[in-house]
Amino acid sequence: MDNCHRSLYRERRGMILGVFQGLATWSGLPVLLLRIVAVILLFSVGFTPMIIAYLGAALILPSR
């Protein structure tokens with residue numbers, strides 16, 4: 001499949017708002033890997049910026 005024609009969506013079958021599941025589907029990476037990276041970022045960047053980024057992505061990305 002050609003990567004330039006794929007769109008980024010929130011997946012309805014995701015755990016919480018489907019952001020990481022949508023990123024995993026779009027990028028081809030395992031969703032568990034993306035969640036582990038998010039937890040590492042949560043502790044290194046901080047809770048508030050990560051929550052703002054996650055909710056922002058959930059509001060901006062269309063659901064599929």
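In short, a report on the structure.

Definitions and limits used
Residues numbered from 1 in each chain as written. Predicted model: local features only at pLDDT ≥ 70, side-chain atom pairs only at ≥ 80, totals over all residues. Heavy atoms only, no water. Helix = DSSP H or I, 4+ residues; strand = E, 2+ residues; numbered from the N terminus. Buried < 20%, exposed > 50% of the residue type's maximum accessible area, 1.4 Å probe, protein only. Contact = heavy atoms within 4.5 Å. Areas by Shrake-Rupley, 256 points an atom, 1.4 Å probe, with all protein chains shown as cover. Phe/Tyr/Trp six-rings, centres within 6.5 Å; stacked < 30°, edge-to-face > 60°. Axes fitted to C-alpha atoms, helices over the stretch in contact; angles between N-to-C directions. Parallel < 35°, antiparallel > 145°, perpendicular 65-115°, else oblique. Nonpolar A, V, L, I, M, F, W, Y, C, P; charged D, E, K, R; others polar. Salt bridge = Lys/Arg side-chain N within 4 Å of Asp/Glu carboxyl O.

## Thoughts on the overall build of the chain
Reasoning step 1: Broken down by element type, the chain carries 3 helices and 0 strands.
Reasoning step 2: Taken from N to C terminus, the helices and strands of the chain fall in the order α-α-α.
Reasoning step 3: Across the 64 residues in the chain, those meeting the buried criterion constitute 27%.
Reasoning step 4: Pairs at least 24 apart in sequence give 41% of the contacts found in the chain among residues at least 6 apart.
Reasoning step 5: Element-wise, carbon and sulfur atoms account for 71% of the exposed surface of the chain, whose accessible area totals about 4700 Å².

## Structural notes on the packing of aromatic side chains
Reasoning step 1: One pass over the structure, following the stated rule, counts 1 aromatic pair.
Reasoning step 2: Summarising the aromatic geometry, the rings of F20 and Y54 are spaced 5.4 Å apart at their centres and angled 40 degrees between planes, so their arrangement reads as tilted. Of this pair, F20 sits in helix α1 (residues 19–27) while Y54 sits in helix α3 (residues 47–60), and the two are 34 residues apart along the sequence.
Reasoning step 3: Judged by its relative accessible area of 18%, Y54 is buried.

## Focus on the packing of helix α2 (residues 31–45) against α3
Reasoning step 1: For the pair α2 and α3, the least separation of the axes is 7 Å and the interaxial angle reads 135 degrees. Between α2 and α3, the crossing angle belongs to the class labelled oblique. Residues A38, L41, L42 and V45 of α2 form the contact with α3, whose participating residues are F47, P49 and M50.
Reasoning step 2: Its residues assigned to classes, the contact of α2 with α3 shows 7 nonpolar, no polar and no charged.

## Notes on the environment of G56
Reasoning step 1: Within the secondary structure layout, G56 lies in helix α3.
Reasoning step 2: A relative accessible area of 22% places G56 in the partly exposed class.
Reasoning step 3: Between the C-alpha atom of G56 and that of E11, which follows or precedes it by 45 residues, the distance is 15 Å.

## Thoughts on unusual backbone geometry
Reasoning step 1: Of note in the backbone geometry, L17 takes a positive phi value of approximately 65 degrees without being a glycine.
Reasoning step 2: Inspection of the secondary structure assignment puts L17 in the segment before α1.
Reasoning step 3: Taking relative accessible area as the criterion, L17 reaches 41% and is therefore assigned partly exposed.

## A word on the pattern of salt bridges
Reasoning step 1: Across all of its chains, the model carries 2 salt bridges by this definition.
Reasoning step 2: One salt-bridge network, held together by shared partners, links E11, R13 and R64.

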